[in-house]
Amino acid sequence: MRRSSASLRAFPISPVSRSTAYRGLATHSARAAAAAVQTKPTPPTEVTSDDLPVVSVAGRKIAVGWDSRTWSRFHNLWLRDHCRCSACYHSITKQRLLNTFEIPPDITPTHAEPTPDGLKVSWPSSEPHVSLYPWSWLQQHSYDPPLHQRESQLDKITWGSKIQSSSPTITYEEAMAADDRGLYKWLSHVDHFGICFISGVPPTPEATEELSKRIGFIRETQYGKFWDFTSDLAKGDTAYTTLALDAHTDNTYFTDPCGLQLFHLLSHTEGTGGSTLLVDGFYVASILKELHPDAYSILARTPVPAHAAGEESEIYKPYPPSGYPVLNHDPVTGELTQVRWNNSDRSTMKNMDPYQVEEWYDAIRIWNKLLTSADSEYWVQLGPGTAVIVHNHRVLHGRSAFTGKRRMCGAYIGVDEYRSKLAVLRERFSSDTAEAGRSVWSPSL
Ligand SMILES: C[N+](C)(C)CCCC[C@H](N)C(=O)O
Ligand SMILES: O=C(O)CCC(=O)C(=O)O
């Protein structure tokens, strides 16, 4: 609905006129719309300079009318706290300079008006303080009501064994290309699928280490930084044997399990077996939730203790020691964010209520049956030249038993290092403001 700019003209807000900040038809219809029961808000249209939103200050909030049906309400206190002028916010470090706790809880603007660049608000203070909030930022961060889908897993593509017909893959050249476009493609595949193969990798630990470092610094653990291992029990873990390893996620004994795990099989001679198992934990969890909601709920609320205690000098356990559930969720969106499952590394199930015991075992039995189904299991034989990266918060991995001499190398990357790199690449390659550098209004802040 187009409105003349005259009807949107703000005028100074005095206590008397505070609740009638605007005149003209737009205000009436906008206010009537605001009073109407809020139907599901439609994301507002692009704000153009000749069609500015309606702005109204009422009590402890400022209301922004995007169109006749969509309003957002922002607390004055919240707006003042989020001022990003150079006095309130460090434009280089992107850190708050303002002392939040000096803002009066009942702060009220002396003036508020729509401008082509955003919502302009003047605050009472000994020296005049003016804040300007870009319309796009206000739309993105509207919380009353939320106008945009919160950052969510919408772009996750779950898979079963059929992915083997078209596994996400990039070439080593793409991954190593200095312009980072290939790196962005690689990490986008990991973000969507939880796995990505890399073909054409020189079959050396050196090249594999450099490949790993393209994502971020390697996460050092008790197994070292870059690992190059075989079945010699060099470390007190069954990975350093010829035994089969059931589908698992690594580091359940850490408070914060690694984010990515890269594997590159350098050689396997004088024997057979040792193929790699990959299972999309998000895919299996979605089936469990659909077909066995009670089991899903049990796995989502029962903490599972774990340990790595194969070295005399080490006892790793998560904090708190009770551990974390198999299925972990975003407390805001409720979406599944992390699978933690390693039945070998699981410690004694203590602190359980007696009635829980059998239902928990029933739940993990169903979970295991789905994990090990032909529909879920993606078996692939790695070999020199083809590495695979696995998102350890989502995809479970394992291997079949083997004979002979088998040499595997790889590395862990922290989940925050991975997410930071992806965010930077996304900012650079998918934002039309990348050239201008990171704004204090970046969606990431
Ligand atoms: C990857 N690397 C061979 C270094 C270590 C393997 C550790 C496996 C451990 N049981 C876990 O699940 O975390
Ligand atoms: O040896 C392999 O193929 C995988 C070993 C493994 O599962 C691990 O290191 O976590």
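- The name given to the chain in an unreviewed UniProt entry is trimethyllysine dioxygenase, and the organism recorded there is Roridomyces roridus.
- UniProt annotates the chain under Sequence similarities (unreviewed entry) with the comment "Belongs to the gamma-BBH/TMLD family."
- According to UniProt, the comment filed for the chain under the heading Pathway (unreviewed entry) is "Amine and polyamine biosynthesis; carnitine biosynthesis."

### Section: the sheet that holds strand β17 (residues 395–399)
- Ordered by their spatial adjacency, four strands build an open sheet running β10-β17-β12-β15, and the pairing between neighbours is antiparallel. Both edges of this open sheet fall to β10 (245–248) and β15 (378–380), since each of them pairs with a single strand only. Adjacent strand axes in the sheet meet at a mean angle of 20° when their direction is disregarded.
- Pairing analysis gives five bridges linking strand β12 (residues 276–280) to β17, with the strands arranged antiparallel.

### A word on the UniProt feature "domain: TauD/TfdA-like" (unreviewed entry) in the chain
- UniProt marks residues 166–412 with the feature "domain: TauD/TfdA-like" (unreviewed entry), using the numbering shown here.
- Overall, residues 166–412 shows 26% helix and 23% strand. The separation of its end C-alpha atoms is 25 Å.

### Notes on the site of ligand 1
- In the neighbourhood of ligand 1, 15 residues make up the surrounding shell, with D237, N251, Y253, N342 and D345 lying closest.
- Between ligand 1 and D345 there is a distance of 2.9 Å, counted from a nitrogen atom to a side-chain nitrogen or oxygen.
- Considering ligand 1 on its own, with 380 Å² of exposed area, one finds that the protein chains cover 96% of that surface.
- Classifying every residue of the shell around ligand 1 gives seven nonpolar, five polar and three charged.

### Notes on the side chain of D191
- For D191, the position within the fold is in helix α5 (residues 181–193).
- Of note is the side chain of D191, whose polar atom sits 2.9 Å from the side chain of R426.
- With residues near it in sequence (within four places) discarded, D191 still touches D155, K156, R394, Y418, L422 and R426.

Cut-off values and rules
- Residues numbered from 1 in each chain as written.
- Chains lettered and ligands numbered in written order.
- Predicted model: local features only at pLDDT ≥ 70, side-chain atom pairs only at ≥ 80, totals over all residues.
- Heavy atoms only, no water.
- UniProt positions renumbered as here; feature names shortened; annotations may be inferred.
- Pairing = 2+ DSSP bridges.
- Helix = DSSP H or I, 4+ residues; strand = E, 2+ residues; numbered from the N terminus.
- Axes fitted to C-alpha atoms, helices over the stretch in contact; angles between N-to-C directions.
- Near = heavy atom within 4 Å.
- Polar contact = N/O pair within 3.5 Å; in protein donor to acceptor, adjacent residues only side chain to side chain.
- Areas by Shrake-Rupley, 256 points an atom, 1.4 Å probe, with all protein chains shown as cover.
- Nonpolar A, V, L, I, M, F, W, Y, C, P; charged D, E, K, R; others polar.
- Contact = heavy atoms within 4.5 Å.

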